[in-house]
Amino acid sequence: MKKTVIFNNGNIYIDNIFELEKIGSGHDGIVFRLNNLALKLLKYDIASRKDKSLMTYDKAIAFMNQLNVKRTAKPLECMFDEDGIFCGIVMNYIFDVTKSTDLSIRKDSGDFTCSELMECVYDLYDDFSSFTENRILVEDLNRGSYIYSYNYVHLCDMDKFKILNTSSSNIHDNNLNKFNFYIAKLLYFEMIKDKSLSKVDLRQLSKWVRKVSNGRNFILELEKSIVTSYDTKIGNFSESICKKILK
């Protein structure tokens, strides 16, 4: 396979992107690494991407120019093929410490502290606020939306986010619910890790995720529960929440 790509500024020409290190793959594209950059080569043609609400040139440009984010992997540049057709996006490369082969760097997701969790929460709250201010509707958050880097979690894969024509309370409510969901699911993944939970227990935990996602005080309550536990590991903290939910 061969695919030549050219960055939007014309300064970087890659003869064959498939010769680069492959670091990820999903239903909407393949991600390669070039030094400190992550290059996402998109799947499907332009019409199909629009139909599936995936990444388009207009969406990439809007994310590049409008968004001011702290923990979200947004497009920095666009990529084009030899015919000048938009074919991908360029982002900052975010190193995943949970997948490192270097044991001196490798870190389990549960080994981060509650202090790092709250720093992450505050940063992501600002990111989601920026989405709302720019009429961007957050969609399709899933397990692949998390990258565990040196300073804990970063949000990735904005491809299915939607840009709406007008602002409305629905955007605010949706994005607040999705923000709560993102944080709750983060804790949920820790709760179920390395456990043999029954289907009943898993349903109960999923019910908790739905409940707090639709609440308005989830982050405030989370902050209150952490106030004396900033040095506690997230794995231990999530375990305590799990026990309370399943008692």
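Heads up: these notes are all about the structure in this document. (Residues numbered from 1 in each chain as written. Predicted model: local features only at pLDDT ≥ 70, side-chain atom pairs only at ≥ 80, totals over all residues. Heavy atoms only, no water.)

So, on to the overall build of the protein chain. A count of helices and strands for the protein chain gives seven helices and eleven strands. The C-alpha radius of gyration computed for the protein chain amounts to 19 Å, which stays within 12% of the reference 18 Å derived for 247 residues, consistent with globular compactness. Projected onto the principal axes, the alpha-carbon positions of the protein chain cover approximately 60 × 50 × 30 Å. Buried positions account for 47% of the 247 residues belonging to the protein chain. Considering only residue pairs separated by 6 or more positions, the protein chain has 64% of its internal contacts joining residues 24 or more positions apart. About 13000 Å² of surface is accessible on the protein chain, with carbon and sulfur atoms providing 48% of the total. (Helix = DSSP H or I, 4+ residues; strand = E, 2+ residues; numbered from the N terminus. Rg over C-alpha atoms; globule rule 2.2 N^0.38 Å. Buried < 20%, exposed > 50% of the residue type's maximum accessible area, 1.4 Å probe, protein only. Contact = heavy atoms within 4.5 Å. Areas by Shrake-Rupley, 256 points an atom, 1.4 Å probe, with all protein chains shown as cover.)

Another point: the nonpolar core. Judged by nonpolar contacts, the single largest core of 61 residues is most densely connected at Phe131, Leu187 and Trp208. If you tally residues by element for this core, the top one is helix α4 (residues 169–192), at ten residues. The residues contacting Phe131, other than those within four sequence positions of it, are Leu67, Val69, Thr72, Ile136, Val138, Leu155, Met158, Phe161 and Asn175. Listed in part, the 13 residues of the second largest apolar core include Val5, Ile17, Ile30 and Leu41. (Core = buried A, V, L, I, M, F, W, Y, C linked by side-chain atoms within 4.5 Å.)

To continue, consider helix α2 (residues 57–66). Considered for burial, the residues of α2 that qualify are Lys59, Ala60, Ala62, Phe63 and Met64. Residues of α2 that are buried make contact with β6 (77–80), β7 (86–92), β8 (136–137) and β11 (162–163).

The phi dihedral of Tyr44 falls on the positive side, at around 70°, and the residue is not glycine. The topology assignment puts Tyr44 in the loop between β5 (37–42) and α1 (46–51). The phi dihedral of Arg135 falls on the positive side, at around 60°, and the residue is not glycine. In this fold, Arg135 is placed in the loop between α3 (114–133) and β8. Take Arg135: its relative accessible area is 30%, and that puts it in the partly exposed class.

Checked against the element boundaries, Asn134 lands in the loop between α3 and β8. Asn134 sits in the buried class, given a relative accessible area of 15%. At 2.8 Å, the side chain of Asn134 forms a polar contact with the backbone oxygen of Ser130. Setting aside residues no more than four positions away along its own chain, Asn134 makes contact with Gln66 and Leu67. (Polar contact = N/O pair within 3.5 Å; in protein donor to acceptor, adjacent residues only side chain to side chain.)

Applying the stated criterion across every chain yields a total of 14 salt bridges. Between Lys40 and Asp159 there is a salt bridge, and its shortest N-O distance comes to 3.2 Å. Of the two residues, Lys40 is situated in strand β5 and Asp159 in the loop between β10 (152–155) and β11; the sequence distance between them amounts to 119 residues. Residue Asp159 is classed as buried on the basis of its relative accessible area, which comes to 2%. A salt bridge links Arg216 to Asp173; the nearest nitrogen and oxygen atoms lie 3.8 Å apart. (Salt bridge = Lys/Arg side-chain N within 4 Å of Asp/Glu carboxyl O.)

Attention now goes to the packing of helix α5 (residues 199–213) against helix α7 (residues 234–246). Orientation of α5 relative to α7, taken along the N-to-C sense of each, is 105°, at an axis distance of 10 Å. Classified by the angle between their axes, α5 and α7 sit roughly perpendicular to one another. Contacts between α5 and α7 involve Asp201, Gln204, Leu205 and Trp208 from the first element and Ile241, Cys242, Ile245 and Leu246 from the second. Taken together, the residues of the contact of α5 with α7 sort by class into six nonpolar, one polar and one charged. (Axes fitted to C-alpha atoms, helices over the stretch in contact; angles between N-to-C directions. Parallel < 35°, antiparallel > 145°, perpendicular 65-115°, else oblique. Nonpolar A, V, L, I, M, F, W, Y, C, P; charged D, E, K, R; others polar.)

The next subject is the packing of aromatic side chains. Under the counting rule described, the total for this entry stands at 15 aromatic pairs. Between Tyr57 and Phe86, the ring centres sit 5.8 Å apart and the planes meet at 70°, which makes this aromatic pair edge-to-face. Of this pair, Tyr57 sits in helix α2 while Phe86 is found in strand β7, placing the two residues 29 residues apart along the sequence. One aromatic cluster is present, formed by Tyr125, Phe128, Phe131, Phe161 and Phe179 through successive ring pairs. Across from the ring centre of Tyr44, 5.0 Å away, lies the NZ or CZ of Lys52, which sits over that ring. Sitting above the plane of the Phe112 ring, Lys107 keeps its charged end 4.2 Å from the centroid. (Phe/Tyr/Trp six-rings, centres within 6.5 Å; stacked < 30°, edge-to-face > 60°. Lys NZ or Arg CZ within 6 Å of the ring centre and 35° of its normal.)

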